[in-house]
Amino acid sequence: MLDKIDKKRDAVISAISDDFWKELRTNRAYHPLFWDFIDKERNSVLKLFELNVAPLTCTYRPFLSGLTYAESVQIYGEHQELVFAVEQEDAIELAERAHDWWDHHLRVIETAWALGVRQPYSSDRERELAQESYNVEHNMIDEG
């Protein structure tokens, strides 16, 4: 949305969006979570209608005093984890990391827009702007 819609409405957002995408493309190795998971999974879902997350039945028995594995399954059900792709990385953990990645970058983009900083990534102000966003949030919580 940032690149396709928002940038058409605002010149500052347009510059920030261009700077953000330039950062992603230029420094691909620094953003593997985006390229290897977020972008790849988005394209898989939107273009192929495939989701690369699947349940994996765990074979361990939760520590429940006096219950066998069969009894614990009967009472609590089989424990399953969601795993992502072939590597079987924990899908919930991966989704949380993707959320945190987006949260950081959206904070940078929003704060840059509010302050009129057109190139938050090229000007090396990324961390400063993210920190400013956290500070504003904490101040609002403290006052609220």
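Presented here is a report on the structure given in the accompanying data block. From a predicted model like this one, the values you see are computed outputs, not experimental measurements.

**Some remarks on a nonpolar patch on the surface**
A cluster of nonpolar side chains, namely V45, L46 and L51, defines an oily patch on the protein surface of about 290 Å² accessible area. Residue position: V45 is located in helix α3 (residues 32-48). The class for V45 is partly exposed, based on a relative accessible area of 35%.

**Topic: unusual backbone geometry**
For D124, which is not a glycine, the phi torsion comes out positive at approximately 60 degrees. With respect to the element layout, D124 can be found in the loop between α5 (91-115) and α6 (126-143).

**Re the packing of aromatic side chains**
For the structure shown, the criterion picks out nine aromatic pairs. When the ring of F20 is compared with that of W102, the centres are 6.1 Å apart and the planes differ by 45 degrees; the resulting orientation is tilted. Linking F20 in helix α2 (residues 11-26) with W102 in helix α5, this pair joins segments that are 82 residues apart in sequence. Judged by its relative accessible area of 1%, F20 is buried. Between F20 and Y121, the aromatic rings sit 5.6 Å apart at their centres with planes inclined by 50 degrees, giving tilted as the arrangement.

**Remarks on the nonpolar core**
Within the largest apolar cluster, 22 residues are counted, with the highest numbers of intra-cluster contacts made by F20, L24, F34, I38 and W101. Listing elements by their share of this core, those giving two or more residues are α2, α3, α5 and α6. The contacts of F34, once residues within four sequence positions are left out, are W21, L24, D39, K40, W101 and W102.

**Section: the pattern of salt bridges**
Should the charged atoms of two oppositely charged side chains come close, the side chains can pair. Applying the stated criterion across every chain yields a total of four salt bridges. Across the pair D18 and K7 runs a salt bridge whose closest N-O atoms are separated by 2.5 Å. A residue pair is termed long-range when its members are at least 10 positions apart, and D18 in helix α2 and K7 in helix α1 (residues 2-9) qualify at eleven residues. Taking relative accessible area as the criterion, D18 reaches 41% and is therefore assigned partly exposed. As a salt-bridge pair, E128 and R125 come within 2.8 Å of each other at their nearest N and O atoms.

Rules behind the numbers
- Counting of residues starts from 1 at the beginning of each chain's written sequence and follows it residue by residue.
- Two thresholds apply to this predicted model, a pLDDT of at least 70 for residue-level local features and 80 or more for giving and counting side-chain atom pairs, whereas whole-chain, interface and lining totals are computed over all residues.
- Where side-chain values are given, they derive from all heavy atoms of the structure, hydrogens and water being excluded.
- Two distance rules govern patches: like charges are joined within 9 Å, and nonpolar side chains (Val, Leu, Ile, Met, Phe, Trp, Tyr) within 5 Å, applied only to residues with over 30% relative accessible area and no salt bridge.
- Every accessible area reported is derived by Shrake-Rupley at a probe size of 1.4 Å, with residue values counting cover from the shown protein chains alone.
- Here, a salt bridge means any side-chain nitrogen of Lys or Arg that lies within 4 Å of a carboxyl oxygen of Asp or Glu.
- Note on conventions: DSSP H or I runs of at least 4 residues are helices, E runs of at least 2 residues are strands, and numbering of each starts at the N terminus.
- For each residue, the accessible area found with a 1.4 Å probe, counting protein chains only, is set against the maximum for its type, and the residue is called buried under 20%, exposed over 50%, and partly exposed in between.
- The rule is short: rings of Phe, Tyr and Trp, with Trp giving its six-membered ring, pair when the centres are within 6.5 Å, and they are stacked under 30 degrees, edge-to-face over 60, tilted in between.
- We define a nonpolar core as any set of buried Ala, Val, Leu, Ile, Met, Phe, Trp, Tyr and Cys residues linked to one another through side-chain atoms lying within 4.5 Å.
- Contacts are residue-level and defined by heavy atoms, with any inter-residue pair within 4.5 Å sufficient.

Structural measurements only, silent on function.
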